[in-house]
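# Summary of the model geometry
Chain residues, written in single-letter form:
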Amino acid sequence: MKCLPQLVALLLAVGSFSSALAQNASAYRRFTSKDGRSFYAAIVSKTDAAVTLRLSNGAPLIKPIRELSDPDAQFIRHWTKFKDALLNDAEFSKLTVREMLELRSYQSFEFDIVGNHIFVEGELNGKRAKFLVDTGAQTSLLHLASAKADGIEVGPMDQTIYGIGGKTKAGVAQVPILKLGDAVIENRKILAADIFANSSGPGGYDAIFGADFLRELDTVISYREGRMFLKPDNVKKAEAAAAKTAPSVYGEFRRWTTTDGKNFVAALADKNEKEAFFRLQDGRIAAPLPIERLDEANRDIVAKWDKLRESLARNPEWRTLTVKELLELRKYQSFEYRLDGNHILVDGDVGTTKATFLIDTGAHGGVLNLEFAKRASLEIGPMDQEIRGIAGSAPAAITKVPVLKLGEVLVKDRELLSADIYKDLPVVGGRGTHDAIFGADFLRELDAVISYKEGRMFLRPDASDKEDPAKPEDKKEPDAAGKKVSP
């Protein structure tokens, strides 16, 4: 095998990234002790029992972790120098959610949004199909006409499905194969119904990809990136698709091919606009190679590569980070949800009344249960509106909502529809497991990310109507002893 000319140079060690990051200043944050006193400080180091802090005036402070509030104690226990360095690294702040997840070996594919609805392309019984991704659907559902057109056998219409607007009939379909990305779901029984009989939605799709499959495949949905992610080791891959998988951009050593057909094995170590630098298997750095001398596929790999992402992909601690940790480093607020069947429920407030929200990517907009809107003393207009779903329709009223709150997320002065969202369902007094539907309008606005694997939803408070808090340097904060200090 013929190698490129070699040049002795300083090797690029994996640890160089972490060392460089560690030199950055740690971020100051507000800590609160159990006696209620607050102060701004940055973490310097920690042990199992205590944390060493740097106060905003530069003075050091060693504090027992047990003396801090429970949220602060939990933050410290999960804190590491590596994560802190990431949070304060300018290059890391440029990473997208997609890049972070793909570096964690998630498979991703792009979705389309039409009228707030998420659509993805896949296959149904070997034929191309379009799926509506719906976290509010307890189970997946085929459109009856599409199922029959794709040669899927559908039994008698002796089943009943419920949704906003009422109920409708469905039949059990035996689906030989359903494919989404590299995920292959075989020999499943899925209900089929006339999805568009009562719907006012965009139509033109073949099935609803519901919360049953979303949970099974540990799905992550990111509105900001317009992508859905699946963990490859949690799904069955189609052999043909796996064979066509493109080589990874990141990794130690791989075979490279030049435009004149010559091959060499090396790891990409650095690059500039015109040249690539490779580390050979003996540890030496080869002479710079003009990128134009690589074949088209390898030029594309070099174009997508950068040093930060390479270092992250090879760092053991990076591989242990959860989606929660990744997104909280990006200033998302996380909400641990609970499940009602396959429904995602999150608690918050509407006005001054506690509320439970159903997180529903399949709902075009937010909807309040009429009984709840009355109980919350909201201003409800005449019942001259209508909401429609796959199971029917129901009268609705425009309702003024002064504020809707989830954690630090505030949505102010909005008009939502109120309706009997439990129509035809056997609930007592019109009250079910949730008081409102947190629909795709809010999810898009707040750059929502939903992670089924971790049971969490993530929102960006700074994308909401929340007012920007005063910065630490704009005010004086008490130090750990209660004295005022300048940040």
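Residues numbered from 1 in each chain as written. Predicted model: local features only at pLDDT ≥ 70, side-chain atom pairs only at ≥ 80, totals over all residues. Heavy atoms only, no water.

## Topic: helix H2 (residues 70–78)
Using the following cut-off: Accessible area is worked out with a 1.4 Å probe on protein chains only. A residue is then buried under 20% of its type maximum, exposed over 50%, and partly exposed in between. Secondary structure counts use DSSP, requiring at least four H or I residues in a row for a helix and at least two E residues in a row for a strand, with both numbered from the N terminus. Directions from the helix axis toward the C-beta atoms define the arc. Note on definitions: a residue-residue contact is assigned when non-hydrogen atoms from the two residues lie within 4.5 Å.
Among the residues of H2, those classed as buried are Asp-72, Ala-73 and Ile-76. The arc enclosing the buried residues of H2, seen along the axis, measures out at 100°, which places them on a common side. Exposed positions of H2 whose direction lies more than 90 degrees from the buried face are Asp-70, Pro-71 and Arg-77. Next to the buried residues of H2 lie strand E2 (29–32), strand E3 (38–46) and strand E4 (50–55).

## Topic: the packing of aromatic side chains
Selection criterion: Stacked, edge-to-face and tilted are the three classes for Phe, Tyr and Trp ring pairs, Trp counted by its six-membered ring, which pair at centre distances within 6.5 Å; planes under 30 degrees apart are stacked, over 60 edge-to-face, the rest tilted.
Considering all chains together, one arrives at ten aromatic pairs under this definition. Ring centres of Phe-131 and Phe-209 lie 6.0 Å apart, and the angle between their planes is 75°; on these two criteria the pair is classed as edge-to-face. You can see Phe-131 sitting in strand E9 (residues 127–133) and its partner Phe-209 sitting in strand E15 (residues 207–209), a full 78 residues away along the chain. An identical accessibility class is assigned to Phe-131 and Phe-209; each is buried. An aromatic cluster is defined as three or more aromatic residues linked by ring pairs; in this entry it consists of Phe-119, Phe-196 and Tyr-205.

## Brief notes about the nonpolar core
Nonpolar side chains tend to gather and get buried jointly when the protein is soluble and globular. Here is the rule: The set of buried Ala, Val, Leu, Ile, Met, Phe, Trp, Tyr and Cys residues whose side-chain atoms join them within 4.5 Å is what this entry labels a nonpolar core.
One finds Leu-142, Leu-404 and Phe-438 to be the most contacted residues of the largest nonpolar core, which totals 60 residues. The contacts of Leu-142, once residues within four sequence positions are left out, are Leu-124, Ala-147, Ile-152, Ala-173, Val-175, Ile-190, Leu-191, Ala-192, Ala-193, Ile-195, Asp-206 and Ala-207. Counting 22 residues, the second largest nonpolar core, distinct from the first, contains Leu-86, Tyr-106, Val-220 and Tyr-332.

## Looking at helix H8 (residues 296–304)
Restricting attention to buried positions, one finds in H8 the residues Asn-298, Ile-301 and Val-302. Taken around the axis of H8, the buried residues stretch over an arc of 95°, which confines them to a single face. Away from the buried face of H8 by more than 90 degrees, exposed residues Glu-296, Ala-297 and Ala-303 are located. Elements in contact with the buried residues of H8: strand E18 (254–257), strand E19 (263–271) and strand E20 (275–279).

## Digging into the sheet that holds strand E6 (residues 107–110)
Counted only if it meets this: At least two DSSP bridges between two strands are needed for those strands to be called paired. For every element, the axis is a line fit to its C-alpha atoms; helices are fit only across the contacting stretch, and the angle between N-to-C directions ranges from 0 to 180 degrees.
What the six strands build is an open sheet, ordered E6-E17-E16-E33-E34-E23; its pairing is antiparallel. Looking at which strands have only one partner, the edges of the open sheet turn out to be E6 and strand E23 (333–336). This sheet shows a mean twist of 15° between the axes of neighbouring strands, independent of strand direction. Pairing of strand E16 (residues 220–222) with strand E17 (residues 227–230), which is carried by three bridges, proceeds in the antiparallel orientation. Residue pairing for E17: Val-220 is matched across the bridge by Phe-229.

## Some thoughts on the environment of Leu-86
With respect to the secondary-structure elements, Leu-86 resides in helix H3 (residues 81–87). Sequence separation between Leu-86 and Leu-312 is 226 residues; the distance between their C-alpha atoms is 9.8 Å.

## Section: the pairing of E20
Here E19 pairs with E20 via four bridges, running antiparallel. Paired with Lys-271 across the strands is Ala-276, a residue of E20. Taken together, E19 and the strand that follows it, E20, pair antiparallel across an intervening segment of three residues. As judged from the two bridges shared by E20 and strand E22 (residues 289–290), these two strands associate in the antiparallel manner. What sits directly across from Glu-275, in E22, is Pro-290.

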